[in-house]
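The primary structure of each chain is shown beneath.
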Amino acid sequence: MSASARSWIGFLSDYGLSDCHVGICHGVIAATAPAARVIDLCHEVPPGDLRSGSALLAQAAPYLPAGVLLAVVDPATGPGAGTRRRALAVIAGKSVLVGPDNGLLLPAARALGGASAAHQIVSKTHVRHPISATFRGRDLFAPVAAHIAAGLSPAALGPEVPVDALVRLPEPVSRLTAHRLEGEVLSVDRWGTVQTTLGAGLFEEAGLRVGDTLTVHCRTGEVKVPFGRSHADVRPGESVGYLDSAGLFALARHTNSAALELGLQPGDSVAVRLPATMDISR
C-alpha cells in the first residue's frame, strides 16, 4: 500500500486532556511524518480501562479512512507503570493498528474484517531513545505510527507474531436465556448514557420492539423504561432504553445521567426481563 493511502492516523488513548501527553504525541508524529493527518478519536478513556477503550476503538474503526490506528490504553500507564507489554503493529484490511498487546487492538481489527498479520515492534531504528517506562506512547507507539503513515512496512518493525497468539480480552456477556437478556455495561459516555453489550439481534430474537416497556435489572435494583428510539422519546428527567448508533442497547435519561441515577459503571451486569408471554424455552 502506498504511503498516501496510510497518511491518516486515528489516535485513541487514556491520557486525558489536562496535560501535554496528547500534544507531545502529536509533535512526535509531525516530526516524523509531517504530511500525516491525525484524527483524535478519544483521549478520555478511563485510565487503564481496556474494555471501554477497545469498544470505542472498534466502534470508530469502520468509519475511518484506511490508515493507521494508534491506540494507547494500558494499566501500565497508571498504577503499576513500567509493566512491559509486547508492542504490536497489526494489519487488518487496509489499515494497521499500533499499540500494546493487551487485547485493546483485536476488537477493532475484527471490525475491519479481521487481523491478517501482526508484527512485534522490536526495531530500534523507528523509535525514540531512551524509551520511557511510563510514556511509551511518546517514545514507541507514536513514532512507529508515524513511520507507517510515511510508508514503512510493518514487516520492517520486527518478527511476525501468530494472530492466534495475541492477547484477547474476555468476551463480554451477551446472551438470551429463557427469561431475559443478560449482558453487561460496556461504556459510559460524558452525558451518563450507559451502553451495554446487548445487541439489536438479541432484541429481535426475543421479540422486543420499540414501544414496549422494558424491565431492566441492575445492581441497584429494577427499573422500568420505555423502549424508544432516542432521548427525545421521553420528557426531561425521565429514563429511556434504545438501540444506539452502534446497534447496542443503551440506557439514558433525558437531560440527566443514567449512570449516576442507576449507579452503573463498565463491567456491571445488566439484564432485560422478558414478559411472561415471551418466555423462551431453551
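To start, this report covers the structure provided alongside it. (Residues numbered from 1 in each chain as written. Predicted model: local features only at pLDDT ≥ 70, side-chain atom pairs only at ≥ 80, totals over all residues. Heavy atoms only, no water.)

1. A word on the sheet that holds strand E2 (residues 37-42)
Here is step 1: Reading across the sheet, the 6 strands line up as E2-E1-E3-E5-E4-E6 and stay open at both edges, with mixed pairing between neighbours. Looking at which strands have only one partner, the edges of the open sheet turn out to be E2 and strand E6 (115-120). In this sheet, adjacent strand axes meet at a mean angle of 20 degrees when their direction is disregarded.
Here is step 2: Where strand E1 (residues 8-13) and strand E3 (residues 68-72) come together, 5 bridges link them in parallel fashion. Of the residues in E3, the one forming a bridge with Phe11 is Leu70.
Here is step 3: Contacts between helix H1 (residues 21-32) and the sheet are confined to E1, E2 and E3, with E1 contributing the most and set at about 155 degrees to the helix. (Pairing = 2+ DSSP bridges. Helix = DSSP H or I, 4+ residues; strand = E, 2+ residues; numbered from the N terminus. Axes fitted to C-alpha atoms, helices over the stretch in contact; angles between N-to-C directions. Contact = heavy atoms within 4.5 Å.)

2. Looking at the environment of Ala58
Here is step 1: Position of Ala58 relative to the elements: it lies in helix H2 (residues 50-60).
Here is step 2: Residues Ala58 and Leu104, 46 residues apart in the sequence, show an inter-C-alpha distance of 9.2 Å.
Here is step 3: Other than its neighbours up to four places away in sequence, Ala58 contacts Pro107, Ala108 and Ala111.

3. Thoughts on the packing of H1 against helix H4 (residues 136-149)
Here is step 1: Interaxial distance between H1 and H4 falls to 8 Å at its minimum, and their mutual angle equals 40 degrees. Relative to H4, the element H1 lies oblique. As H1 runs across H4, the sense of the crossing is right-handed. When H1 is examined against H4, the residues Ile24, Cys25, Val28, Ile29 and Thr32 are found in contact with a partner set consisting of Gly137, Arg138, Ala142, Pro143, Ala146 and His147.
Here is step 2: Here the residues of the contact of H1 with H4 are counted per class, giving 7 nonpolar, 3 polar and 1 charged. (Parallel < 35°, antiparallel > 145°, perpendicular 65-115°, else oblique. Left-handed = near helix turned anticlockwise from the far one by under 90°. Nonpolar A, V, L, I, M, F, W, Y, C, P; charged D, E, K, R; others polar.)

4. Some words on the environment of Gly158
Here is step 1: For Gly158, the position within the fold is in the loop between H4 and strand E7 (174-176).
Here is step 2: Considered as a pair, Gly158 and Tyr15 are 143 residues apart in the sequence and their alpha carbons are 27 Å apart.
Here is step 3: Once residues within four sequence positions are removed from consideration, Gly158 is found in contact with His119, Gln120 and Val122.

5. Focus: the side chain of Asp139
Here is step 1: Along the chain, Asp139 falls in helix H4.
Here is step 2: Polar contacts involving the side chain of Asp139 include one to the main-chain amide nitrogen of Ser132, which spans 2.8 Å.
Here is step 3: Apart from residues no more than four positions distant in its own chain, Asp139 is found in contact with Val127, Arg128, Pro130, Ile131 and Ser132. (Polar contact = N/O pair within 3.5 Å; in protein donor to acceptor, adjacent residues only side chain to side chain.)

6. Section: the pairing of E3
Here is step 1: Summarising burial for E3: 5 of the 5 residues are buried, a large majority.
Here is step 2: Along E3, one buried face is formed by Val68, Leu70 and Val72 and the opposite face, lined by Leu69 and Ala71, is buried too.
Here is step 3: Across 3 bridges, E3 lies against strand E5 (residues 95-100) in parallel orientation. Bridge assignment links Val68 to a residue of E5, and that residue is Val96. (Buried < 20%, exposed > 50% of the residue type's maximum accessible area, 1.4 Å probe, protein only.)

7. Concerning the packing of aromatic side chains
Here is step 1: For the structure on display, the rule yields 4 aromatic pairs.
Here is step 2: Ring geometry for Phe203 and Phe249: centres 4.9 Å apart, planes at 35 degrees, overall tilted. Of this pair, Phe203 sits in helix H5 (residues 200-206) while Phe249 sits in strand E13 (residues 248-253), and the two are 46 residues apart along the sequence.
Here is step 3: For the pair Phe227 and Phe249, a centre-to-centre distance of 6.3 Å together with 80 degrees between the ring planes defines the contact as edge-to-face. (Phe/Tyr/Trp six-rings, centres within 6.5 Å; stacked < 30°, edge-to-face > 60°.)

8. What to know about the pattern of salt bridges
Here is step 1: The full count for this structure, using the stated rule, is 10 salt bridges.
Here is step 2: Ionic pairing is found between Arg51 and Glu184, a salt bridge with its closest N-O pair at 2.7 Å. In this pair, Arg51 is assigned in helix H2 and Glu184 in strand E8 (residues 180-188), connecting sequence segments 133 residues apart. (Salt bridge = Lys/Arg side-chain N within 4 Å of Asp/Glu carboxyl O.)

So, to be careful, I would describe these as geometric facts and stop short of saying anything about function.
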